[in-house]
Amino acid sequence: MVVMTPTASEAEIEAVVRRLEAAGVHAKVMPGELTTAIGAIGDPEGVRALALEGMAGVDQVIPISRPYKLASSELSHHEPTLVRVDGRVVGGNETFCLIAGPCTVESREQTLAVARAVKEAGASMLRGGAFKPRTSPFSFQGLGQPALEILREAREATGLPVVSELTDAAHAEAMAEVVDVIQVGARNMQNYGLLEVVGKLGKPVLLKRGLSSTVDELLMAADYILKEGNGDVILCERGIRTFETATRFTLDLGAVPYLKLHTHLPVIVDPSHASGDRRLVEPLSRAAAAVGADGIIVEVAVDPEAALCDGPQQLHAGDFQRFADSVAGHASLVGRVLA
Ligand code: PEP
Ligand code: MN
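Let us look at the structure shown here. (Residues numbered from 1 in each chain as written. Chains lettered and ligands numbered in written order. Predicted model: local features only at pLDDT ≥ 70, side-chain atom pairs only at ≥ 80, totals over all residues. Heavy atoms only, no water.)

1. Concerning the site of ligand 1
Right, on to step 1. Neighbouring ligand 1 are the residues Arg 127, Lys 132, Glu 165, Gln 183, Gly 185, Ala 186, Arg 187, Lys 208, Arg 238 and His 273.
Right, on to step 2. Residue Arg 127 places a side-chain N or O atom 2.8 Å away from an oxygen atom belonging to ligand 1.
Right, on to step 3. Side-chain polar atom of Arg 187 to an oxygen atom of ligand 1: 2.8 Å apart, as the coordinates give it.
Right, on to step 4. For ligand 1, the accessible surface in isolation is 300 Å², of which the surrounding protein chains cover 96%.
Right, on to step 5. When the residues that make up the shell around ligand 1 are grouped by side-chain class, the tally is 1 nonpolar, 3 polar and 6 charged. (Near = heavy atom within 4 Å. Polar contact = N/O pair within 3.5 Å; in protein donor to acceptor, adjacent residues only side chain to side chain. Areas by Shrake-Rupley, 256 points an atom, 1.4 Å probe, with all protein chains shown as cover. Nonpolar A, V, L, I, M, F, W, Y, C, P; charged D, E, K, R; others polar.)

Given below as structure tokens:
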């Protein structure tokens, strides 16, 4: 939408229309009481490249269409995308996916014990970090390849599909051999090269919202994966940086119904990293179900106090059955079953 200044002349309006039409953009002049607006109907990038702001009589150029394309439900009139992972369904409005497991694979025993506990309680998938994106290079970085072998064993022992984070394109092939859902972490949401790599891997992707990213930026990041021909993208709200420091991040629950309106992709919530405090994880998980999330991803440990990473937010495995039942109860209130 090109808004002219109140003093713009007919000749100036005409000049804008001619420039748009010369670029193949349909122009519709809409005279108002004070100012005239010109609707430019065409590729928004093409319109931006015309630099209409610099023309005489132009006040503002306001993009109206959404900047994301493939992730948008408006542009493609897409039915909700159902991401199928080994018989589980993420997306649509009938199922609720419960992804649970340790923050990080620390040992074979620890991982297998958590995997068995969450499987027993009805979890849909197992999470566990092999390569960890740590804020400090001096923090534990994950076991790497040996962790992938442990995840493979946990998968075989429980039958649970595995979700794990890819932090470096160099590990893509090794991860794809073991992992059922490739996670792109918050810190890599705008690592466009990595997004294109996972777009080509042919595995479902769990894309987490960046720490300081808008929802529209999340959707544009999803477009990077979708444009490679991989339609199996699950979005994850995991809390953002705000002025509030009481919780580790601020869980943006409003993003969930917003995303459900504007994209066809499934949306899940990570209350563990958002809150940083296990006491908040259950109420936030129930809230996620209530606002229409397609699932949650939560951290669970047998002995969280001894965990090398994110101990305070990990649920106790011994309490996980009760937790899962409570969240499943809330999901059922909005017509969803654990799957
Ligand atoms: C994680 O899920 O292991 C993780 C590091 O989360 P985030 O990328 O959201 O910080
Ligand atoms: Mn963690």
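After that view, the rundown keeps rolling.
2. Considerations on the coordination of the manganese ion (ligand 2)
Right, on to step 1. Looking at the metal site, the manganese ion (ligand 2) is ligated by Cys 103 (SG), His 273 (NE2), Glu 299 (OE) and Asp 310 (OD), spaced 2.0 to 2.5 Å from it.
Right, on to step 2. All donors to the manganese ion (ligand 2) come from one chain, and their sequence spacing reads C-x169-H-x25-E-x10-D. Linking His 273 in helix H10 (residues 271–275) with Asp 310 in the loop between strand S14 (295–301) and strand S15 (315–316), this pair joins segments that are 37 residues apart in sequence.
Right, on to step 3. Taking relative accessible area as the criterion, Asp 310 reaches 16% and is therefore assigned buried. (Donors = N, O, S within 2.8 Å, 3.2 Å for Na, K, Ca; no water. Helix = DSSP H or I, 4+ residues; strand = E, 2+ residues; numbered from the N terminus. Buried < 20%, exposed > 50% of the residue type's maximum accessible area, 1.4 Å probe, protein only.)

3. Points about the packing of helix H7 (residues 192–201) against helix H8 (residues 215–226)
Right, on to step 1. Interhelical geometry of H7 versus H8 gives an angle of 45° and a closest axis separation of 7 Å. Here H7 lies oblique to H8, going by the angle between them. On the side of H7, the interface is formed by Tyr 192, Leu 195, Glu 196, Val 198 and Gly 199, while H8 contributes Ala 221, Tyr 224 and Ile 225.
Right, on to step 2. The class makeup of the residues in the contact of H7 with H8 is 6 nonpolar, 1 polar and 1 charged. (Axes fitted to C-alpha atoms, helices over the stretch in contact; angles between N-to-C directions. Parallel < 35°, antiparallel > 145°, perpendicular 65-115°, else oblique. Contact = heavy atoms within 4.5 Å.)

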